[in-house]
Amino acid sequence: WSSHLISHRGPILLEVVLRAHCDDLCRDIGHMLTWFGQRLLECLGVRFRRNSLLEVLRACFQVWLSASCFYLCCWVLMLPLVVETPWNLPFRVFRDTWGSLEPLWTFQPLLMQRERYEVDGNMWRTFVWPSDSLVGSWQDESFALWNWGSRGMFYGPAMLRVQILAVIAMIWAPGFFMTQACYLELSRRLTPSPTYRWHRLWRTWVSLLPQSCLILEQLYQAQEHGRRLTSAAVRELEEHREQEQQRQQQQQRQQQQQRQQQQ
């Protein structure tokens, strides 16, 4: 009887147990993400609603929306190089640069090869110079440097990996600081303050985004910038102001009581 139960009812019982554990796991992950997002908003001094889960989802949606807009801009800029649909563009760039996708799931180094770039139809073929030219020799050196670093990070000892990280810092750090300095200088010349342009961009963002997608802090900012809010949003802001006033008064009372007890 027991063997019959295990053989026939065992898979069903196992499925029920797995579903219960998966539901608990998904619930725990949701609570953890909500707590982390709430703590992050509190550290940034951002006002949010009581339902912190929806506030975190609104913030994640805005991050996804901004990333999608940036990706579409990059896709438009890359149209002269390759005519590809937006959803296939990352795979096309990866295949034309490093070959097949197999090294990703086999944990192998990504290598750059001149023979791949010189094939007809490759998106980088226009920018590859012959090997006997000066620019082509520089390109070969850069390919060799990349392959050395890629192989070293996968197969090299610890000291070699430290050397590779030092070389990466030496290559990218000057360019990063020069770009930052040029941007600050350009912002200083074009605008009264460096943050003016970002302030104007943020003002446009909170003015055009649907009010249901804005967190509470953004609703306050939209109201300050002169955006006409719905009656429900205005009522929500008023209720939050009253709650903040009551909370501040309660904190003041507690502080006074503590001072009286100390005296």
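Because the structure is a prediction, the values reported are computed rather than measured.

Asker: So, the nonpolar core: which residues are in play, and what are the values?
Answerer: Listed in full, the ten residues of the largest apolar core are Leu 209, Cys 213, Leu 214, Leu 216, Leu 219, Tyr 220, Ala 222, Leu 229, Ala 233 and Leu 237. Breaking this core down by element, the ones donating at least two residues are α9 (216–224) and α10 (231–262). For this core, the leading source of residues is α9, giving four residues. Discounting residues that sit within four places of it in the chain, Cys 213 has contacts with Arg 58, Phe 61, Gln 62 and Gln 218.

Asker: Account for the side chain of Asn 147, naming residues and giving values.
Answerer: You can see Asn 147 is positioned in helix α6 (residues 134–155). Residue classification places Asn 147 among the buried positions, given a relative accessible area of 11%. When residues no more than four places from it in sequence are discounted, the contact partners of Asn 147 are Leu 110, Leu 111 and Met 112.

Asker: Give me α6: which residues, what numbers.
Answerer: Given a rise of 1.5 Å per residue, 22 residues ought to cover 32 Å, and the 31 Å separating the end C-alpha atoms of α6 matches this to within 8%. Buried residues of α6: Gly 136, Gln 139, Phe 143, Asn 147, Gly 149, Ser 150 and Gly 152, and no others.

Asker: Any chance you could break down the packing of aromatic side chains for me, citing the residues and the numbers?
Answerer: Following the criterion strictly, the structure yields six aromatic pairs and no others. Between Phe 94 and Trp 98, the ring centres sit 5.4 Å apart and the planes meet at 55°, which makes this aromatic pair tilted. You can see Phe 94 and its partner Trp 98 sitting in helix α3 (residues 89–98), four residues apart, about one turn around the helix. The class of Phe 94 is buried, set by a relative accessible area of 12%. Through pairs of rings, three or more aromatic residues link up here, namely Phe 94, Trp 98 and Trp 146.

Asker: Tell me what's going on with unusual backbone geometry, and back it up with residues and numbers.
Answerer: Here Phe 107, not a glycine, exhibits a phi torsion of approximately 55°, which is positive. Structurally, the position occupied by Phe 107 is in the loop between α4 (102–106) and α5 (114–117). According to the relative accessible area criterion, Phe 107 is exposed, its value standing at 64%.

Asker: Describe the packing of α9 against α10, listing the residues and the values that go with them.
Answerer: Their axes nearest at 11 Å, the elements α9 and α10 cross at an angle of 110°. In this view, α9 runs roughly perpendicular relative to α10, as classed from their interaxial angle. Judged by residue contacts, Leu 216, Leu 219, Tyr 220 and Gln 223 of α9 engage Ala 233, Glu 236, Leu 237, His 240 and Arg 241 from α10. In terms of residue class, the contact of α9 with α10 is made up of five nonpolar, two polar and two charged.

Asker: Which residues make up the environment of Leu 160, and what values go with them?
Answerer: Along the chain, the position of Leu 160 falls in helix α7 (residues 158–190). Ignoring sequence-local partners within four residues, the contact set of Leu 160 consists of Trp 148 and Gly 152.

Asker: Provide a residue-level description of the pattern of salt bridges, including the pertinent values.
Answerer: The tally for this structure, following the rule as stated, stands at five salt bridges. Salt-bridge contacts for Glu 84 lead to Arg 92; the nearest nitrogen and oxygen are separated by 3.1 Å. Judged by its relative accessible area of 17%, Arg 92 falls in the buried class. Of the charged contacts, one joins Asp 140 and Arg 114 as a salt bridge, the two residues approaching to 2.7 Å between their closest N and O atoms. On the criterion of sequence distance, the pair formed by Asp 140 in helix α6 and Arg 114 in helix α5 is long-range, its members being 26 residues apart. Using a relative accessible area of 9% as the deciding quantity, one classes Arg 114 as buried.

Definitions and limits used
Residues numbered from 1 in each chain as written. Predicted model: local features only at pLDDT ≥ 70, side-chain atom pairs only at ≥ 80, totals over all residues. Heavy atoms only, no water. Core = buried A, V, L, I, M, F, W, Y, C linked by side-chain atoms within 4.5 Å. Buried < 20%, exposed > 50% of the residue type's maximum accessible area, 1.4 Å probe, protein only. Helix = DSSP H or I, 4+ residues; strand = E, 2+ residues; numbered from the N terminus. Contact = heavy atoms within 4.5 Å. Expected span 1.5 Å × (residues − 1). Phe/Tyr/Trp six-rings, centres within 6.5 Å; stacked < 30°, edge-to-face > 60°. Axes fitted to C-alpha atoms, helices over the stretch in contact; angles between N-to-C directions. Parallel < 35°, antiparallel > 145°, perpendicular 65-115°, else oblique. Nonpolar A, V, L, I, M, F, W, Y, C, P; charged D, E, K, R; others polar. Salt bridge = Lys/Arg side-chain N within 4 Å of Asp/Glu carboxyl O.

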